[in-house]
Amino acid sequence: MYPVGAGYSDVGRAREHNEDSFYVGDGRGLYVVADGMGGHACGEVASSMAIHDVSSYVGERYRELDRMRKEGASSESLAEIAQAAVELANTSIYDKGLDSREQRGMGCTLTMMLVVGAKAVMGHVGDTRLYLYRNGKVSQLSQDHTMANELAMAGLIEKEEIATHQYAHVLSRAVGTKEVAKVDTLVFDVLPGDRFLICSDGLSEYLEDEAWIARQLQGDDLEAIAQELVSYANTVGGSDNITAVVVEIRADDPEIEIVDEMSVDLSHKFTALESVFLFDDLSLALLTRVLDACEVIDYEPGDVVIREGDACQQLMVVVDGRFVVSHGGHQDGEMGQGEHAGATTLLSPRRARATVSARIPGRMLVLHRRPFWQLVRARPWLGVGLLERLGRQLSLDLDASLEKRDDGDPETLEPRERV
């Protein structure tokens, strides 16, 4: 697999000069959009510096990245590279801003995507955006770092209010305006046929719903798609600089059969996660973060996943195969694709109440308690939602157990989960 991209930028109808910058580097698998801020052409300086620093840093790690393309890249390594690249840009811009009063406070927003083999990583600060087009659907992978969006995530305003809110364009994060930048990274699998749009807010403010974006990202000519999106933004307003970078993941012919297997496999993993009450309505970006925190474990017939009485503090979700659930040596049932156990132990560890073993070859996604809490702490608003769901589930389990006791059932306070 290999990426191919094209980009286009325009000053728009209201600005005197273009403070957006972009980079399309097929050879490095690197694509970046930066939107400058600061006035007096300082924004243009900041965005240009960011592009230069990020592309140079990735270029310096070429041998390491080439090895990753051949041998496979870990999520941790890719996230570290994106983090370091953006942090380098932040330091350069911040230091330059200290050199003169005119440039003090200059900065930019930035979204980068680095493709390494079958994986990619996003490095993101601000309100530039990254969209994924896959199987006819579009999902926004980045999250706007604006005050209005932060208010919506905190539940203080509705999502529908963001676009017209007085803080809609007030940034909560930027590159270069502070000594340390808080970089949002996301590692995800890529498949041939995937298309990505990286754009500045001069375009995103005019984008319609995701179905509309999906239609615009179809077609054979990537450069024409980028130009048409910029032209559209100019036609309907053009109130800011406008930049679009369109990237497609392509496969060599011999890879097509492997690619089909990868697509089905990734689909099974997402389907399994979405079957769990914790994750049933999360966005693709958030599901991707959860999937990245999970361990995929293969089991052969007879392999034991967990034994009755073992310490249990992990969520187990069946990706494929069949798993036998037994209690006291007697089979109670089976688990198939999408079925899960142990969700509430992420909140309150306990002993397993049953033994789970593989009946046929299969796989499970296992989310251990520690990675779960790392995810919760790193994403507070996501964490609040997940913890609320876990709390509700524990409450339901308690109610069910009390009903059993009231009905004379000798078992007391037994959660509804079988494991």
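Residues numbered from 1 in each chain as written. Predicted model: local features only at pLDDT ≥ 70, side-chain atom pairs only at ≥ 80, totals over all residues. Heavy atoms only, no water.

Undergrad: How should the overall build of the protein be read in this particular structure?
TA: When helices and strands are counted, the protein shows eleven helices and 20 strands. Rg of the C-alpha trace for the protein: 24 Å, near the compact-globule value of 22 Å for 419 residues, within the 12% margin. Its C-alpha atoms give the protein principal-axis dimensions of about 80 × 50 × 40 Å. Here the protein holds 419 residues, and the buried ones make up 49% of them. Intrachain contacts of the protein at a sequence separation of at least 6 include 71% that bridge at least 24 residues. Total accessible area on the protein stands at roughly 19,400 Å², and carbon and sulfur atoms take up 47% of it. Computing the positive centroid from 41 side-chain charges and the negative centroid from 70, the protein places the two 5 Å apart. (Helix = DSSP H or I, 4+ residues; strand = E, 2+ residues; numbered from the N terminus. Rg over C-alpha atoms; globule rule 2.2 N^0.38 Å. Buried < 20%, exposed > 50% of the residue type's maximum accessible area, 1.4 Å probe, protein only. Contact = heavy atoms within 4.5 Å. Areas by Shrake-Rupley, 256 points an atom, 1.4 Å probe, with all protein chains shown as cover. Lys, Arg positive; Asp, Glu negative; His and termini not counted. Charge placed at Lys NZ, Arg CZ, Asp CG, Glu CD.)

Undergrad: Can you help me understand the packing of aromatic side chains in this one?
TA: Ring pairs (aromatic) are described by centroid distance and by the angle formed between their planes. Applying the stated criterion across every chain yields a total of four aromatic pairs. When the centroid spacing of 4.8 Å and the interplanar angle of 45° are considered together, the rings of Trp-212 and Tyr-232 count as tilted. Placement of the pair is Trp-212 in helix α6 (residues 210-216) and Tyr-232 in helix α7 (residues 222-236), with a sequence separation of 20 residues. Geometrically, the ring pair formed by Phe-372 and Trp-373 is edge-to-face, given 5.8 Å between the ring centres and 85° between the ring planes. Among the residues examined, Phe-372 registers a relative accessible area of 0% and is labelled buried. Look at Trp-373 and you get buried, because its relative accessible area is 18%. (Phe/Tyr/Trp six-rings, centres within 6.5 Å; stacked < 30°, edge-to-face > 60°.)

Undergrad: Please clarify how the nonpolar core should be interpreted in this entry.
TA: The biggest cluster of nonpolar side chains holds 35 residues, and the ones touching the most others in it are Val-54, Ile-93, Leu-110, Met-112, Leu-114 and Val-175. Elements with a minimum of two residues in this core: β3 (30-37), α1 (42-60), α2 (62-71), α3 (75-97), β4 (107-116) and β5 (119-125). In this structure Leu-114 touches Arg-28, Gly-29, Leu-30, Val-58, Leu-65, Ile-81, Lys-119, Ala-120 and Val-121, once residues within four positions along its chain are discounted. Core analysis: the next-biggest nonpolar cluster, separate from the first, contains 27 residues, Leu-278, Phe-372, Trp-373 and Leu-386 among them. (Core = buried A, V, L, I, M, F, W, Y, C linked by side-chain atoms within 4.5 Å.)

Undergrad: What is the right way to read a negative patch on the surface from this model?
TA: A contiguous patch of negative charge on the surface is contributed by Asp-220, Asp-221, Glu-223 and Glu-228. Turning to its location among the elements, Asp-220 is positioned in the loop between α6 and α7. Take Asp-220: its relative accessible area is 76%, and that puts it in the exposed class. (Patch = residues over 30% accessible without salt bridge, like charges linked within 9 Å, V, L, I, M, F, W, Y side chains within 5 Å. Salt bridge = Lys/Arg side-chain N within 4 Å of Asp/Glu carboxyl O.)

Honestly, that's just the spatial picture; any functional story needs more than this.
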